[in-house]
Each structure stands twice: as C-alpha cells, then as structure tokens.
Amino acid sequence: MDDLLKELETLRISGNFSDHNWKSCIDLIQTSHVPQKMIGETRPCEEKDFREYRLIVERNLSNVRFMLRHIVDSCREKHLLLIDDNVALAKMFGMNLLLLIGEHIEKNIWNTAECVNISKELIANFCELWACQSITAFFSEHENFNKLLVMLRPKLLKDTWKTYPAAVTCFKWMLHLVEKPMLFNYISQVLPTTLILLDDHVPENISIGLQCLHLIIQHSHMKKGLIDSGYALVIYHSLKHLTYRKQVEYIIPLYTCLANIIPTIEYWNDRSDAFEWTVRDEILSNLIDNMTFEQNIELRHAYMVSLPQFLTNIGCGKWCESLARILVEYCEHHTDLRTLKATLQTAKTFLLMFHLRITAHCVSLYTAFLKLHFDLTETPVFDREIMQNLQDCIIRVPISGSYLILLLRSYSFPYKAVEYYTKRLKSKIIGCYLGSFWVVIANDYASIKEVLKRDEFDGRITEVPVIKARSFGKTLGITFADNTLWREQRRFFLRNIRDFGFGRRQDGIEKQIMDEISQLIDILKHGAVNDGEEKIIKGNLILFPDILYPTICSSLWNVLFGQRFNRSEHDIPRRFGRMAMLFHRSLDSTGGALFHLPVLRYFGNMFGFKDMMKANNAMIDIIQEYLKSQDVIPSENVDRGFIDRYLDILNKDDNTQTFSKEQLIILLADILLAANSTLPTVITQIFKYLIHHPRILKKAQDEIDRVVGTGRLVTWDDRKK
C-alpha cells in the first residue's frame, strides 16, 4: 500500500497515467471485494463467517477513498477526463470500483456503518472522475450497465450466488439505479439471476428477488415484447408458485409484483374476457383461500393489505360473495388495529368498485359494520382513520339495490318505472338488484314468451323469510313452491279440479255460475236486504269490487268445497276478498321491500308486513273454519269437491311427503287469493273504462241486445255469435 501511495503522489505531480498505475489501483479494489464463502452452499452466511474480513474492510475502503481522491485531484489540476482517454484499464478500474461500492452500499453482515458512509463518498468522487451527474447517467452510456452485469455474472450463477452474498446486494443496487425503462432492454441478462433468487427456501433471498423482479416488471409495464418473448408468463408462474407459501416476510412484495404483471398480461391477451376465468382469478382464488380461517396476526395483516390492488377489474365481481365473507369475518374477529384499518380500507375499495353487485351481500356486511361500530364506540379507538373508514363503509353499503330507484320513478306502480328504464336504456331486457336478488326483467312479448317456454328459466322464489312467514314457517302451497312439491301438487290439483268443472265446460257448473250472476243482478236492481249489503250499497251508489266478491268467490268455493254461500253468508266472501286485496296492496309487483330486505319485517307495519300477515291469517282462518265442516274421512259415495279428494289422499297410508294438512290450507289460500283479487279487479276496471267511454258502452250494450236480447242471461254459447 505504501508503494501505491508513492506512485499516486508521483501521478499527482506528473499527471501521467501508466498501465502500471491502473493495475495497482485495480488490485487494491479487487482485494477489497467481499470474499467468497463456501459455507453459503449449506446455510445462509452469518456475521461470524466474515469476522476476518470485517477487521480489514474499513481500512481497505479508506485506502480506496484516499486513492480515488488523489486520482480526482490530479485530473482536476491537469484538466484531464478519463472518458476522453478511452483507456481499457481505466474502464476496468471504474467497473471494479462500482462493484465494490455496490457491495457496501448498505449495512450488512460483512461490513460496518462506516463502510456504508465511505461507499457514499466514493460515489460522489466516481461521478466527478467520470464527469457524470449520477451513477444512473453512467449506466445509460456506452453499454456500461451491461458491461457491469457481465463482470458480476460469474458470482451470480446458480451454483455460486449463495457463496457471494455481497454480489447479490450489488446486483440489487444496480437494478435500483437503472433509469426506466432500460431494464426491459436487458431483461434477458437480469431476469435469470432474479429468478434464481426467487427459487430459494430462505425468505430473505426471496425478498431480495421480489424487489429485483418488481423493478423489472415496472420497467416492462405494458410492453408487448414482454408477452411475445414469453417472459411475462415465466414471471407470472414463478410468482404464483410462491402464493402457496405462507411467509409474512415477502407476502406484500409478492402480491405487489403480481398486481403489476397481471395488467400487462390481460391487456395484450386478445382472447381475455374479464367475465371469464383469468390469471387475476387464479391469484384471487389463492389469496382468498389463504385468508380464510388464517389466525396468524401478521399474515392476516399482510393478506388484507395485498387484497385491494387486485380489485381493479370488473371481472372480479364474480368474487363478491367470497370477498364479502372475508370482510365480514375479519370485521367480526379483528385482532389488531393494523389489520382492522387495512380491512376497512379494502372494504371501501370493494364497495366503490362493485356497488352495483354487492347488494346480494349487503345484509351480512351491513350487520358486521354496525356491530363493529358498536364495539369501537364502547371501547374507544384513538385512530380517526379507522372510524372514518368504518363510517364511509356504512354509508357505501347498498341496502335496497335498484328498488329505491324504481320507487322514485313511480312509487305506486313500479312496473311503470321498469317500462321507463327499458325505453331509456333502449333495451327490452334489463338487469338490476332488488335488495339481495339479482333480477333480469323481460319487457316485451317475444322475450317474455321465450322465458316462459325455455326450461332453464324454470324456477320460483321459495326461501324468502316473508314467504315462509305466511305458510307456517315452511315452503308450502303452489305459488311459492318449486321442484317436486310444485310438480306433484300442481298435477294433483289440475287433474282433480277438472272433474268439478274447472277449465272445461260442465252444465252443472255453468248453471251455478248463472245462479250467482242472477243473484248479483237482483242485488243491483232491488238493493240491500241485510246489514252487510247496506255497507256497500248506498242508494244508486255501489262499492266496487266489494259487490263482486260473493259472486266470484262462491263459484270457485263450490268447486273446492262442494258448497256455495247463501246470500246471508256473503259477508264471508266479502271479507275474504278484502283480505286478498289487502295482501296484494301490502306488496307490489316487484315483491316489495319485504322481499328484498326481509329484516324490515321487524319494523311493524312500516313496510306492510303487518298488513300482509293480517290479511294472510284472516284468509287462513276462513279456510280452516270450513275445513272443519268437511268429513275427516269422506265416505266413498261422497265427492263434493276438490277438498274431499285431497282429504282422501291424506287418510291413505301411502300418501307422499308433499301432502299434508298445512299444504292443503296454503294451497287453497294461493288459489283463492289469486281468484278473489284479480277477477274482481279486472271486472271493476272494465266497468270503469266503460263509464268513461260512453260510446264503447253503448256499442257493447247494443251487441248484447242484438245477440242475447233482454229475456235471458248471456251463456257460453253466445261467444260464437
């Protein structure tokens, strides 16, 4: 070293750079490099492995600093530029110096804090010597970065890199200093080394590999060459392999790398469909599986921090159910404030991105948020960001889907709102969430016909709590039944009801209907004869549809029960009809708020649940009262109506599971509910329009007078005329 210093003093005086001078400087730098440690092949290197080197490293770096200062001062005094000399040994000196700087650029097991400080001083002297603004600028000139990689490569081979840990640090430092997007131009040189680092079992080495890979991905963002060369898929599969490991040290950088490479793959994949299974879905699947039931606090936090960056594609909507479940679980079992904060930030991203799809899961999410808000209020958390995020989440959760939008457009008649939006959107088929139900609405004849004809559209809503509340807490009846129950009950009903005149001509049934109509006409002509009729007939004023309830209900009642209502009993069908109308008015054509958000049934009659149950229970009470009058075991010679045949089935030992007394009650309620609400309403509307259009009324009256005359009632045979 003393001889070298004397040579440097001579160099400073003369300003002549001989080959011997450069070789001496290069030798000093090369002897200062971190030595190879073969123990690294069997285990990660430790500080004790570099005990001898640490004793001399500070002195060596100080000597290099002194040497470099002499060279810089000499060049400054003589106004020399090394880059102008184009001396091969000078370039070799500079490259070796950069490798030495890279080895000691950060504190590690082979150096000291003073070594790091000296390395930073060396960088400033190097830039002055080579007349460049920064190491980044130096890398961009004359293929210097590539030349440095070539020099470093022997230490970073698959069989040697573990014995040269300092070379790995230097490699990482070099990649950090390269200006974007230069790494993409050298991807074939830097990617193999990076993948070697990833393919290891030591978490620290994998973390370094992920840092390097992240830089490569950033430099290659949206580059088609990354796809064409196949490097994109190589990177993706290398990263995907790591998602099956649970090492908290590199979870966040791992998923950060994946979140950066996936958009490039998706963008250049012409066959990619966001709504089909993609590489993003593969990673989300692994991530959600890892998050499910994870109990480690650090892993829970790392996974939750990593999740939001994948929720940037509309195709992720297919994961709404799983994501909602994860968010609910993490909110209900929050273990630390860091994870809770990350969870709420993820929830905000989730709700903002998928606000049109999240409605199906809003009840569970909303409940979890409210419980969490209560817990945090009881136990104050001194983190305003957590409380603010929680409040934002509660505000963002959609409660009613598009139902409120329909009501705002037409509160009384939501179907008019549907018609409006089909015209506005210029589509006969529209989709929306009504509460937790995703609904596809067909709004033209052709579409409706197709829906009704195709088997894949078969099915009925059966599991809504409001529906079960009206049927003894079970799935019963025929209107809200499906599968085996619906098929057996519908087949039995239609097959037997036809024998009593339902759906086909039968003289006895036609005569009974004529009698009911005659009685109705008599009431209209001569007025009320009892208190019940006086309530709906006031002189020349008659209350519709109440006046029609006995006529319509009695005709169907005879088919079902084998008996009709006397005029003195007309208060019963009138009450049944009124309850049927009350039932329908408590809901609407979309099912009402009670269908879409069943929890509202606990809010009294605010949303019609009390009226619905009042009407339903009243109709069931009437049906049960008349069932008591039927024989428990009908005799073989008695076949008065549909009820007798159903009871006969119930009393047989081989009846199927779908037949029961409760099923019979709800079946009758469904049939009578529909008949006693629709028919009177339709007839009332006909009378209403005829009154408002006298010309049509006169034309209809003239036709009846011409075809039927005034001496008899209209019959089915008159239809042909």
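Our subject is the structure listed above.
Residues numbered from 1 in each chain as written. Predicted model: local features only at pLDDT ≥ 70, side-chain atom pairs only at ≥ 80, totals over all residues. Heavy atoms only, no water.

Glancing now at the packing of aromatic side chains. Counted according to the given criterion, the structure contains 24 aromatic pairs. Aromatic side chains F126 and F138 sit 5.0 Å apart centroid to centroid with 85° between the ring planes, which places their arrangement in the edge-to-face category. Pair noted here: F126 is in helix α6 (residues 113–129) and F138 is in helix α7 (residues 135–139), with a separation of 12 residues, a long-range link. Residue F126 is classed as buried on the basis of its relative accessible area, which comes to 0%. Where F642 meets Y646, the ring centres are 5.9 Å apart and the plane angle is 55°; that geometry is what we call tilted. (Phe/Tyr/Trp six-rings, centres within 6.5 Å; stacked < 30°, edge-to-face > 60°. Helix = DSSP H or I, 4+ residues; strand = E, 2+ residues; numbered from the N terminus. Buried < 20%, exposed > 50% of the residue type's maximum accessible area, 1.4 Å probe, protein only.)

Before going further, it helps to spend a moment on the nonpolar core. Within the largest apolar cluster, 127 residues are counted, with the highest numbers of intra-cluster contacts made by F93, F139, F145, L239, I261 and F350. Viewed by domain, this core spans two of them, domain 1 (1–179) and domain 2 (182–270), each represented by three or more residues. Each residue touching F139, except ones within four places of it in the same chain, is listed here: L98, N144, F145, L148, M174, L177, V178 and M182. Counting 54 residues, the second-largest nonpolar core is a separate cluster that includes V559, A593, A618 and Y626. (Core = buried A, V, L, I, M, F, W, Y, C linked by side-chain atoms within 4.5 Å. Domains from an automatic or database assignment. Contact = heavy atoms within 4.5 Å.)

Along the chain, H33 turns up in the loop between α2 (19–32) and α3 (51–78). For H33, the side chain forms a polar contact with the side chain of E103, separated by 3.3 Å. (Polar contact = N/O pair within 3.5 Å; in protein donor to acceptor, adjacent residues only side chain to side chain.)

This brings us to helix α5 (residues 88–103). With 16 residues, α5 ought to run about 22 Å at 1.5 Å a step, and its terminal C-alpha atoms sit 23 Å apart, in line with that. Burial analysis of α5 places 12 of its 16 residues in the buried class, the great majority of the element. Those residues of α5 that fall on the buried side of the exposure criterion are A90, F93, G94, M95, N96, L97, L98, L99, L100, I101, G102 and E103. (Expected span 1.5 Å × (residues − 1).)

A pair can form between side chains of opposite charge whenever their charged atoms are brought close. A complete count under the given rule lists 30 salt bridges for this structure. Across the pair R65 and E121 runs a salt bridge whose closest N-O atoms are separated by 3.2 Å. Residue R65 is found in helix α3, and its partner E121 is found in helix α6; the two are separated by 56 residues along the sequence. Across the salt bridge formed by K318 and D281, the nearest N and O atoms sit 3.2 Å from each other. Here K318 is found in the loop between α17 (297–306) and α18 (320–332), whereas its partner D281 is found in helix α16 (residues 279–291), with 37 residues between them in sequence. By relative accessible area, which is 36% here, K318 ends up partly exposed. One continuous salt-bridge network, built from bridges that share partners, spans R43, E46, K48 and D49. (Salt bridge = Lys/Arg side-chain N within 4 Å of Asp/Glu carboxyl O.)

Just geometry here; none of it tells us what the structure is for.
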